Amino acid sequence: MLEEEYAPATPGHPSLPPSAAGGRPASLELLEQLFRKAGEEAALLRRGGRVTEVSPTHYRVRGLSSAARLGDVVEHHGRQGVRTGEVVQITERDILVAPFDQSADAGVADPVYIRGSFRVSPDASWRGRVIDALGRPVDGGSPLAAGTAIANGIPGALKRQRVDQPFQTGVKVIDLFTPLCFGQRLGVFAGSGVGKSTLLAMLAAAHAFDTVVVALVGERGREVREFLEDTIGEQAMKKTVAVVATSDESAMMRKRASGTAMSVAEHFRDRGDRVLLVVDSITRFAHALREVAIGAGEPPVARGYPASVFTDMPRMLERAGPGATGAGSITAIISVLVDGDDHNDPVADSVRGILDGHIVLSRSIAEQGRYPAVDPLGSVSRLANRAWNDGERLLVTRLRALIGRYEETRDIRLLGGYQQGADPDLDAAVRQVPLIYDALVQSPQDGPVADPFAELARHLKKQEKPDG
């Protein structure tokens, strides 16, 4: 069997076989030299191979082992036309390809050609558009203008700017207890149905950013349009680039969506913009990585996740953050869908160690009707001290102490074991914490709050006046 094929780059020309010695015949070398002398820059020949084995999610190709590299895009010519896929494994005899389409849809002996490494070429005109994981428009608008290809380079650790400039998100509970800085990476940890997507949309509407990039990875197709049109809104969409890979798309598309969104964010960061990147969710990205890796034969090592999952996630998340001197920054809000409300599952535990803080959404708080359902005791921002002044730091410390005292005595109070006057700190907590909880309630319709500390003070004074 021939180990590789050479096919003309232009259709309609017959393929020429290699020489008996296994290399390219002298006639082809001469033709290519004449072709280049004629002024044509395109390569005369493309490297190709043949499909030898097909499974529901992958197919193997013989003849491309020496030319392919991991991550290369290949072009498959089958009954349904031209389809693309990505090289996920290379052996001495063949390569394994994961298709971008839902199924492999390949047949034995179908021709496959290498197209090279995957690159996204964002442009400033992409703002306001919705694209798929391969950078193609899916909003029915005009074709996208091609900009500069992104090489996915991560700035050196000592070349990056420092993260020290805070900003207001407009969400009271976050600006009070877990304030953020430009270039910070924050995780939103939540189970299903506790208001995670709504909180992400409220953060995406922050006025502090020049550009917003939203990656919807593995979302239900029904909710995509609602999220973009209703939750984010028409005004915020004007500065937003949305990258969508729904749950019915292939694992490769769900895997690529986060990387494409990151490349778009890097483009705007490098031109000096302050970029907000919202990824919903990193857990579904990890699920896609797991599906591709197991299909390639990797053994699972932690609750079904292969080791490469915990290599690829940090590599992708490290691309966010401050840029080099003179560039902008990427502030990343990464949602983590906690499977079974277990905050110590492998994905959540790994991501928590990479990010610069985490916000925990509590199901018990959501069941009380308090949204956003942020747990102020379980949420941490590692850069909070760069955002608070001394007075704000002392106030937040006092608020946390009151809330902690109130929550730890909840069962005792429900059983009737609380007596007013026995513990002054508990008396203050019982009197003030319900008012604090009421002050933290906020919906997207309420709009952003410019000064959360002043808003909290006004609310507490207003509620205490009748008792005075």
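> Could you clarify how one ought to interpret the environment of Arg363 in this entry?
As for its position among the elements, Arg363 is in helix H10 (residues 363-367). Along the chain, Arg363 and Gly195 lie 168 residues apart, while their C-alpha atoms are 9.3 Å from each other. In this view, Arg363 contacts Gly191, Ser192, Val194 and Asp341; residues no more than four positions away in its chain are not counted. A distance of 2.9 Å separates the side chain of Arg363 from the backbone oxygen of Ser192, its partner in a polar contact.

> When you look at the pattern of salt bridges in this model, what are you seeing that I'm missing?
Should their charged atoms come close, side chains of opposite charge can pair. Here the structure, examined in full by the defined rule, presents 28 salt bridges. The salt bridge partner of Glu226 is Arg222, with a shortest N-O separation of 3.8 Å. Placement of both Glu226 and Arg222 in helix H4 (residues 221-232) is noted, with a separation of 4 residues, approximately one turn of the helix. On the basis of relative accessibility, which here comes to 38%, the residue Glu226 falls in the partly exposed class.

> Mind showing me how you'd approach the pairing of strand E11 (residues 185-190) here?
Moving residue by residue along a regular strand, the side chains alternate between the two faces of the sheet. For E11, the buried fraction is high: 6 of the 6 residues fall into the buried class. Along E11, one buried face is formed by Arg185, Gly187 and Phe189 and the opposite face, lined by Leu186, Val188 and Ala190, is buried too. As defined by bridge partners, E11 adjoins strand E18 (residues 329-337) across 6 bridges and the pair is classed as parallel. Bridge pairing in E18 places Phe189 opposite Val336. Note that E11 and strand E19 (residues 357-360) share 3 bridges and pair parallel. Following the sheet pairing, Phe189 is matched in E19 by Val360.

The rules we used
Residues numbered from 1 in each chain as written. Predicted model: local features only at pLDDT ≥ 70, side-chain atom pairs only at ≥ 80, totals over all residues. Heavy atoms only, no water. Helix = DSSP H or I, 4+ residues; strand = E, 2+ residues; numbered from the N terminus. Contact = heavy atoms within 4.5 Å. Polar contact = N/O pair within 3.5 Å; in protein donor to acceptor, adjacent residues only side chain to side chain. Salt bridge = Lys/Arg side-chain N within 4 Å of Asp/Glu carboxyl O. Buried < 20%, exposed > 50% of the residue type's maximum accessible area, 1.4 Å probe, protein only. Pairing = 2+ DSSP bridges.

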